[in-house]
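The lines below spell out each chain.
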Amino acid sequence: MTSNAASPLIERAGIPPHRHTPARRVSVFLSQHARARLGLLLSAPLLWLGLVYIVALAALLVTAFWSVDSFTGEVSTTWTLDNFVTVFTGAVYQAVTLRTVGIALLVTIVDIVIALPIAFFMAKVASPRLRRILVIAVLMPLWASYLVKAYAWRSVLSEGGLLEWLLSPFGGQTPGYGIPAIVITLSYLWLPYVILPIYAGLERVPDSLLEASSDLGAKTGRTLVSIVLPMLWPAIIAGSIFSFSLSLGDYITVNIVGGANQLLGNLVFTNVGAANNLPLAAAIATIPIAIMVVYLTAARRSGALESL
Amino acid sequence: MRLSRTARISLGVVTGVVLAIVYLPLLVVFVNSFSTSKNLTWPPPGFTLEWWGKAFQNAGAMEAIGTSVQIAVVSTAIALVLGTLISLALQRFTFFGRDAVSLLVILPIALPGIVTGIALNNFFRTIIDVQLGFVTIVIAHSTFCIVTVFNNVIARLRRTGTSLEEASADLGAGIWTTFRLVTFPQIRSALLAGGLLAFALSFDEIIVTTFTAGPGMSTLPIWILNNLFRPNQAPIVNVIAVVLVLVSIVPIYFAQRLAGAESAQK
């Protein structure tokens, strides 16, 4: 590309010859050195994520091995396993961890069960025009503030609220504030995050495959189980990562609709704020970190991270 | 697979019912923004435009919206650059530690917000000792926004392949020209979709923001959290939520149209 042997030909074709600007020289160097190109692409993002995020996470984990001086309230940097002993043997922590994981799993299952038919309708049944409207309809609630939506559910579920007003003629009543309210509200909040990847996954399942399956005599149920589900699995797991992890760390919705119930997020939050015990909070935070690392490792095997 | 008419209709009905439930709380917010009741009793006792008038004169809310927009714009810009770089690196090269890098991008969104929040808070205050404020929020938001850009761009790069770029190089274009005239136009709508999600994510984030904002800063979600439980402010919060949803139709609609136009060309 740098030689001028072909330049008379190029000039006759009306293409100006290359100028030897610094940008051109860098470009020539980079197109000859793939590793340099890779290095240039990776350095900025890796520096950012490594310096900011990994250092911060590592520092947090180190803090979990420290303690707080009960007189001064200052963090003392003597190494101790006390925080971990407290977290792993305390009955409160075990109960809260189980409750949190249970709620996160339930929210994820509810969201997947609701998202599957909707995503299927959007991707395979609706006309292109209706599909565009439905995508907008699913995306739009994401722009309404998370807090406002959680608060709207508080108002809907309250005594004398909309739900009771709707149900009371049939003898029903609102579940009030508590674990059912937490599950309803969290499922509601994360539903678009689950619908979108499943919808994108379904769009990638070609219609021709479905037709081939039916031509070969498979009924709808068989096609769904043998063709659609295996192709869709990574997208479902990708969606579940959002609903699961977002539920695992939530404490604000829990405060708004959860009554007196506490999740792991609340324990971390109280220890950072009111109790001023960052080391204990860091030790509690290792629980969701460990759960998510296991979850992500399992998810990566299924290829889900590719379709997140 | 040929769905029966009944199956198609029932799928449509399920979709309709769920969307109705999705919009029900938003409808409650909308109705309450005109309600004369200050603590959102149902059914609303009367109609008033008082809150709509007051909302636009509320200096705190307007200032918080301004701050949130600035933070979201800067964070989205940083995320667009970093997300594009990292997706080009991961899609076009194989190298040692590639899996680890892709996990690293996802980690800030996959770990619960409160973990990211206290980790960054601890990092900013005790390790590098900076004042919490605009810059620290932007750093935190960019970190977890990278993944939305990354996902959209890498999916696009996987689909488009490298043949056009190779053709461009064969015709004598340098890498900058190739990026400007070949790669960038191919990923433009993916950047728009990813950027839009990044903006929305940053604009609405509350948990990480709480830990990185410092005392003087108020983004819109922080302002909302501080005012949601005050009787005189709750209806104003409803007005602002309604306006945001309505305003959001515009960018989503254009992103959809752009994506639709591009897929029609192919």
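Everything quoted here is computed from the prediction, not taken from an experiment.

Trainee: Tell me about the overall build of chain B, residues and numbers included.
Mentor: Per the secondary structure count, chain B includes eleven helices and zero strands. By its C-alpha atoms, chain B is 70 × 65 × 30 Å across when sized along the principal axes. Per-residue burial over chain B gives 54% buried out of 266 residues. If you take every contact in chain B between residues at least 6 apart in sequence, the share linking residues at least 24 apart comes to 70%. Of the roughly 11700 Å² of accessible surface on chain B, a fraction of 66% belongs to carbon and sulfur atoms. For chain B, the distance from the average site of its 16 positive side-chain charges to the average site of its 10 negative ones is 11 Å.

Trainee: Could you give an account of the overall build of chain A, naming the residues involved and the relevant values?
Mentor: Each helix and strand in chain A was counted, giving 14 helices and two strands. Expected size for 308 residues packed as a compact globule is a radius of gyration near 19 Å; at 27 Å, chain A overshoots this value by more than 25%. Looking at chain A residue by residue over its 308 residues, the buried ones come to 48%. Working note: accessible area of chain A is about 14700 Å², and carbon and sulfur atoms make up 66% of it. Computed over 18 positive and 13 negative side-chain charges, the inter-centroid distance for chain A is 15 Å.

Trainee: Describe the interface of chain B and chain A, listing the residues and the values that go with them.
Mentor: If you look at the interface, chain B gives 90 residues, while chain A gives 95 residues. For the interface between chain B and chain A, the tally reads zero salt bridges. Across the chain B-chain A interface, the total number found is ten residue pairs in polar contact (both at pLDDT 80 or more). In terms of residues, the side of chain B that touches chain A owes the most to one element, helix H1 (residues 5-32) of chain B, which gives 16 residues. Of the residues assigned to the side of chain B that touches chain A, the class counts are 69 nonpolar, 15 polar and six charged.

Trainee: Could you give me a rundown of a nonpolar patch on the surface, with the residues and numbers involved?
Mentor: Together, A:Leu47, A:Leu51, A:Val55, B:Ile127, B:Ile128 and B:Val130 make up a nonpolar patch on the protein surface, roughly 500 Å² of accessible area in all. With three residues, helix H3 (residues 34-63) of chain A is the largest single contributor of residues to the nonpolar patch. Locating B:Ile128 in the fold gives a position in the loop between helix H5 (113-127) and helix H6 (134-160). For B:Ile128, a relative accessible area of 41% gives the class partly exposed.

Trainee: Run through the pattern of salt bridges, naming residues and quoting values.
Mentor: A complete count under the given rule lists three salt bridges over all chains for this structure. With its nearest N and O atoms 2.9 Å apart, the salt bridge here joins A:Asp207 to A:Lys124. In this pair, A:Asp207 is assigned in helix H10 (residues 207-215) and A:Lys124 in helix H5 (residues 91-125), connecting sequence segments 83 residues apart. Judged by relative accessible area, which is 44%, A:Asp207 ranks as partly exposed. One salt bridge in this structure joins B:Glu50 and B:Lys54, with 2.9 Å as the shortest N-O distance. On the criterion of helical spacing, the pair formed by B:Glu50 and B:Lys54 is a turn pair, its members being four residues apart in helix H2 (residues 50-57). Since its relative accessible area comes to 37%, B:Glu50 is described here as partly exposed.

Trainee: For the domain arrangement of chain A, give the residues involved together with the corresponding values.
Mentor: The domain boundaries assigned to chain A delineate domain 1 (1-32) and domain 2 (87-307). Measuring from the centre of the C-alpha atoms in domain 1 of chain A to the corresponding centre in domain 2 of chain A gives 55 Å.

Trainee: Got a sec to walk through the packing of H5(A) against helix H6 (residues 128-139) of chain A? Specific residues and values, please.
Mentor: All names here are of chain A. The geometry of H5 relative to H6 is characterised by a closest axis approach of 9 Å and an angle of 150° between their N-to-C directions. Relative to H6, the element H5 is oriented roughly antiparallel. The chirality of how H5 crosses H6 is left-handed. Of the residues in H6, those in contact with Phe121, Met122 and Ala123 of H5 are Leu130, Arg131, Leu134, Val135 and Val138. Of the residues contributing to the contact of H5 with H6, the split by class is seven nonpolar, no polar and one charged.

Trainee: Provide a residue-level description of the environment of A:Arg301, including the pertinent values.
Mentor: All names here are of chain A. Assignment of secondary structure puts Arg301 in helix H14 (residues 278-301). Take Arg301: its relative accessible area is 77%, and that puts it in the exposed class. In the structure, Arg301 is positioned 67 residues away from Pro234 in sequence and 9.5 Å away in space, judged by C-alpha atoms.

Trainee: I'd like to hear about the packing of H3(A) against helix H3 (residues 59-92) of chain B, residue by residue, with values.
Mentor: Orientation of H3(A) relative to H3(B), taken along the N-to-C sense of each, is 130°, at an axis distance of 8 Å. Accordingly, the angle class assigned to the pair H3(A) and H3(B) is oblique. Seen along the crossing, H3(A) lies across H3(B) with a hand that is left-handed. Residues A:Leu38, A:Leu41, A:Leu42, A:Ala44, A:Pro45, A:Trp48 and A:Leu49 of H3(A) form the contact with H3(B), whose own contacting residues are B:Ile78, B:Leu82, B:Leu85, B:Ile86, B:Leu88 and B:Ala89.

Trainee: Kindly report on the side chain of B:Ser33, identifying the contributing residues and their values.
Mentor: Residue and element names in this part refer to chain B. Relative to the helices and strands, Ser33 is located in the loop between H1 and H2. One polar contact links the side chain of Ser33 to the main-chain carbonyl oxygen of Phe30, over a distance of 2.6 Å. When neighbours within four sequence positions are excluded, Ser33 is seen to be in contact with Thr48, Trp51, Trp52, Pro235, Asn238, Val239 and Val242.

Trainee: Let's hear about the packing of aromatic side chains: which residues, and what values?
Mentor: Under the criterion given, the structure shown has 17 aromatic pairs over all chains. Judged by centre distance (5.4 Å) and plane angle (70°), the ring pair of A:Trp153 and A:Tyr188 falls under edge-to-face. Placement of the pair is A:Trp153 in helix H7 (residues 146-157) and A:Tyr188 in helix H9 (residues 179-203), with a sequence separation of 35 residues. Residue classification places A:Trp153 among the buried residues on the basis of a relative accessible area of 8%. Accessibility expressed as a relative area gives 10% for A:Tyr188, which makes it buried. Geometrically, the ring pair formed by B:Phe34 and B:Phe47 is stacked, given 5.5 Å between the ring centres and 15° between the ring planes. On the criterion of sequence distance, the pair formed by B:Phe34 in the loop between H1 and H2 and B:Phe47 in the loop between H1 and H2 is long-range, its members being 13 residues apart. In textbook terms, an aromatic cluster arises when at least three aromatic residues are bridged by ring pairs, as seen for A:Phe65, A:Trp66, A:Trp79, A:Phe84 and A:Phe88.

Trainee: Give a detailed account of the confidence of the model for chain A, specifying residues and quantitative values.
Mentor: Close inspection of predicted coordinates is inappropriate for parts of the model with low pLDDT. All names here are of chain A. Of all residues in chain A, 92% have pLDDT values of 70 or greater, and the mean over the chain is 84. Looking at the elements of chain A, mean pLDDT is at its lowest for helix H1 (residues 7-12), recorded as 54, and at its highest for H5, recorded as 93. Low pLDDT (under 50) marks residues 1-6, which in the prediction has seven contacts with non-local residues, meaning those over four places away or in another chain.

Trainee: I'd like to hear about unusual backbone geometry, residue by residue, with values.
Mentor: All names here are of chain B. One non-glycine residue, Asp129, adopts positive backbone phi at about 55°. Its place among the elements puts Asp129 in the loop between H5 and H6. The exposure class assigned to Asp129 is exposed, which follows from its relative accessible area of 61%.

Rules used throughout
Residue numbers here run from 1 along each chain, matching the order of that chain's written sequence. Each chain takes a letter, starting from A, and each ligand takes a number, starting from 1, following the order in which they are written. Selection of residues for local features in this predicted model requires a pLDDT of at least 70, selection of side-chain atom pairs for listing and counting requires 80 or more, and totals for whole chains, interfaces and linings are taken over all residues. With hydrogens and water set aside, each side-chain value is computed from the structure's full complement of heavy atoms. Only runs of H or I of at least four residues qualify as helices and only runs of E of at least two qualify as strands under DSSP, and these elements are numbered from the N terminus. Three labels apply to residues, based on accessible area from a 1.4 Å probe with only protein chains included: buried if under 20% of the type maximum, exposed if over 50%, partly exposed otherwise in between. Contacts are assigned to residue pairs that have any heavy atoms within 4.5 Å of one another. For the area figures, the Shrake-Rupley method with a 1.4 Å probe applies, and any residue is considered shielded solely by the protein chains shown. When charges are counted, Lys and Arg are positive and Asp and Glu negative, with His and the chain ends excluded. A charged residue contributes its charge at one atom only: NZ of Lys, CZ of Arg, CG of Asp or CD of Glu. The reference for a compact globule is 2.2 Å times residues^0.38; the radius of gyration itself is calculated from the C-alpha atoms. Each reported salt bridge corresponds to a side-chain nitrogen of Lys or Arg within 4 Å of a carboxyl oxygen of Asp or Glu. Counted as a polar contact is a pair of N or O atoms within 3.5 Å, where, for protein atoms, one must be capable of donating a hydrogen and the other of accepting one, and residues adjacent in sequence contribute only when both atoms are in side chains. Residues are grouped as follows: Ala, Val, Leu, Ile, Met, Phe, Trp, Tyr, Cys and Pro are nonpolar; Asp, Glu, Lys and Arg are charged; every other residue, Gly included, is polar. Each patch is built from residues lacking any salt bridge and having more than 30% relative accessible area; the joining distance is 9 Å for like charges and 5 Å for nonpolar side chains (Val, Leu, Ile, Met, Phe, Trp, Tyr). Domain start and stop points were drawn from an automatic or database domain assignment. Helix axes use the C-alpha atoms of the stretch in contact, all axes being lines fitted to C-alpha atoms, and the angles between their N-to-C directions lie in the range 0 to 180 degrees. Small angles under 35 degrees read as roughly parallel and large ones over 145 as roughly antiparallel, with 65 to 115 read as roughly perpendicular and the rest as oblique. The crossing is said to be left-handed when, going from far helix to near helix, the turn is anticlockwise and less than a right angle, and right-handed when the turn is clockwise. Aromatic contacts are taken between Phe, Tyr and Trp rings whose centres are within 6.5 Å, Trp giving its six-membered ring; a plane angle under 30 degrees counts as stacked, one over 60 as edge-to-face, and the others as tilted. A residue's pLDDT is the confidence the predictor assigns to it, expressed on a 0 to 100 scale.

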